[in-house]
Amino acid sequence: MKYFDKELKSIDKWKDLRCDLFRNEEPEIKLVAVTTPVEEFLDKGITIETLPAFTARQSHESKGTYTDDLRLNRRLIEWGHDTPMQAVQFVYHVTGISKSLAGQWTRHKIGIGWTFRSTRYVKASSNTFVYPALEYIDSRDDVGKIYKAYEEEHRHAMDVYDRLSSNGVKNQELRRLMPVGWATSTYVYTNARSLRHFFKLRLARGAEWEIRRFAYILFNKVMEICPSLFEDLAIAYGDQKASE
Ligand SMILES: Cc1cc2nc3c(=O)[nH]c(=O)nc-3n(C[C@H](O)[C@H](O)[C@H](O)COP(=O)(O)OP(=O)(O)OC[C@H]3O[C@@H](n4cnc5c(N)ncnc54)[C@H](O)[C@@H]3O)c2cc1C
């Protein structure tokens, strides 16, 4: 992790206590696809990252080098010319997020879409759970006890699920037995403009811990591909490394 490392470690300070809990799952994000210029434009030196600036040059019919285009990306952001950021579309596969997080994330409606695992068509018998971070509790013993209580609830939910399932109750009713910590997975389709908006709301300290942790992880993923489109947010939202 390069960005928001301190913040992530702080949220995940009890991660070691979670690893052996009943069906614990931690979040993971994998890049599946990203908009890439076709050969004709790759040959001209256009990259995934410089696509926004390259296409924005239409407005003045200007030309620029790779470095000029990175600089222009940063200018577009400063000027609030956000539309060219839509040039870069990402597909990520996300696992180990809770239904609670999904509920918050799907409130972001513009420039984003998902295909989540169905709880009607897929049985929950082998499903997992996202345990709370409890980063605000200092006592290791207390956290251990709290995790045990969550574990009991999760086991209980699975027991009832399996029992009613064998009595013929359908998945669509059985899913109502599950707590919001129930894990899900999704493919997400989004673009750099929409992601910038998401980061502004969810990297902020006021965001809830799970979606903020998720935003930190996703931020690192997009920074591997097109840093000039996102790096200002690391400074704005207080990453120590970025502001050094
Ligand atoms: C810290 C925090 C706490 C929150 N707490 C709550 C809560 O208690 N209860 C709750 O219900 N929600 C809550 N939310 C969710 C919040 O209200 C938004 O629904 C969510 O953050 C998505 O933001 P958005 O609408 O800007 O995103 P998007 O839907 O992606 O919209 C992006 C932008 O497009 C424009 N836009 C979108 N739709 C319209 C429209 N219909 N008309 C005009 N312009 C539009 C707006 O400029 C908007 O900012 C919370 C969010 C945060 C970050």
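Owing to the predicted nature of the structure, the values given are computational and were not obtained by experimental measurement.

**Section: the environment of His81**
Piece 1. Checked against the element boundaries, His81 lands in the loop between helix H5 (66–79) and strand S2 (89–98).
Piece 2. Residue classification places His81 among the partly exposed positions, given that 14 C-beta atoms sit within 10 Å.
Piece 3. C-alpha of His81 to C-alpha of Ala56: the two residues are 25 residues apart in sequence and 9.0 Å apart in space.
Piece 4. If we skip the residues at most four places from it in the chain, His81 touches Ala56 and Leu76.

**Observations concerning the domain arrangement of the chain**
Piece 1. Taken domain by domain, the chain holds domain 1 (5–28 + 91–243) and domain 2 (36–87).
Piece 2. Spacing between the C-alpha centres of domain 1 and domain 2 amounts to 33 Å.
Piece 3. Of the residues that constitute the side of domain 1 that touches domain 2, the class distribution is four nonpolar, three polar and three charged.

**Regarding the environment of Ile77**
Piece 1. Relative to the helices and strands, Ile77 resides in helix H5.
Piece 2. For Ile77, a count of 21 C-beta atoms within 10 Å puts it in the buried group.
Piece 3. Remark: the alpha-carbon pair of Ile77 and Arg193, spanning 116 residues in sequence, is separated by 9.7 Å.

**A short note on the nonpolar core**
Piece 1. Ranked by size, the top nonpolar core spans 40 residues in total, and within it Val88, Phe199, Ala215, Phe219 and Phe230 carry the most contacts.
Piece 2. At the level of elements, helix H4 (51–56), S2, helix H6 (99–105), strand S4 (183–191), helix H9 (192–202), helix H10 (209–223) and helix H11 (231–236) are the ones that each hand at least two residues to this core.
Piece 3. Here the element with the most residues in this core is H10; it accounts for seven residues.
Piece 4. In this structure, this core is formed jointly by two domains, domain 1 (5–28 + 91–243) and domain 2 (36–87), each of which donates at least three residues.

**Re the packing of H9 against H10**
Piece 1. Contact pair H9 / H10: the axes reach a minimum separation of 10 Å and the direction vectors enclose 140°. By the angle between their directions, the pair H9 and H10 is classed as oblique. Where H9 crosses over H10, the two elements pack in a sense that is left-handed. The residues of H10 that touch H9, namely those facing Leu195, Phe198, Phe199 and Arg202, are Ile211, Arg212, Ala215, Phe219 and Val222.
Piece 2. Residue composition of the contact of H9 with H10, by class: seven nonpolar, no polar and two charged.

**Description of the site of the ligand**
Piece 1. Around the ligand, a shell composed of Arg107, His108, Lys109, Ile110, His197, Leu201, Gly206 and Ala207 is seen.
Piece 2. Here the shell around the ligand is composed, by residue class, of three nonpolar, three polar and two charged.

**Description of the pairing of S4**
A regular strand places its side chains on the two faces of the sheet in alternate fashion.
Piece 1. As paired elements, S2 and S4 share eight bridges and run antiparallel to each other. Of the residues in S4, the one forming a bridge with Val94 is Thr186.
Piece 2. Here strand S3 (residues 112–116) runs beside S4; their pairing, made up of five bridges, is antiparallel. Residue pairing for S4: Ile112 is matched across the bridge by Thr190.

Rules used in this analysis
- For every chain, the first residue of its written sequence is number 1, and the numbers climb from 1 along that sequence.
- Local features are withheld for residues below a pLDDT of 70 in this predicted model, meaning they are given only at 70 or higher, and side-chain atom pairs are given and counted only at 80 or more; totals for whole chains, interfaces and linings count all residues.
- Each helix is a run of H or I in the DSSP string that is no shorter than four residues. Each strand is a run of E no shorter than two, and both are numbered from the N terminus.
- To sort residues by burial, count the other C-beta atoms lying within 10 Å of each one's C-beta; a count of 20 or more means buried, 12 or fewer means exposed, and anything in between means partly exposed. C-beta atoms are built from the backbone.
- Whether two residues are in contact depends on their C-beta atoms, placed from the backbone: they are in contact if these lie within 7 Å.
- For each domain, the first and last residues come from an automatic or database assignment.
- Following the grouping adopted for this structure description, the nonpolar residues are Ala, Val, Leu, Ile, Met, Phe, Trp, Tyr, Cys and Pro, the charged ones are Asp, Glu, Lys and Arg, and the polar ones are all others, Gly among them.
- Residues of type Ala, Val, Leu, Ile, Met, Phe, Trp, Tyr and Cys that are buried and joined through C-beta atoms within 7 Å form what is called a nonpolar core.
- Fitted lines through C-alpha atoms serve as axes, helices being fitted only where they are in contact, and the angles separating the N-to-C directions of these axes extend from 0 to 180 degrees.
- Oblique is the label for every angle not falling under 35 degrees (roughly parallel), over 145 degrees (roughly antiparallel), or within 65 to 115 degrees (roughly perpendicular).
- Working rule for handedness: look at the near helix, and if it is turned counterclockwise from the far one by less than a right angle, call the crossing left-handed; if clockwise, right-handed.
- Residue proximity rests on one test: whether the C-beta atom, placed from the backbone, lies within 6 Å of the molecule or strand.
- Any two strands between which DSSP finds at least two bridges are classified as paired.

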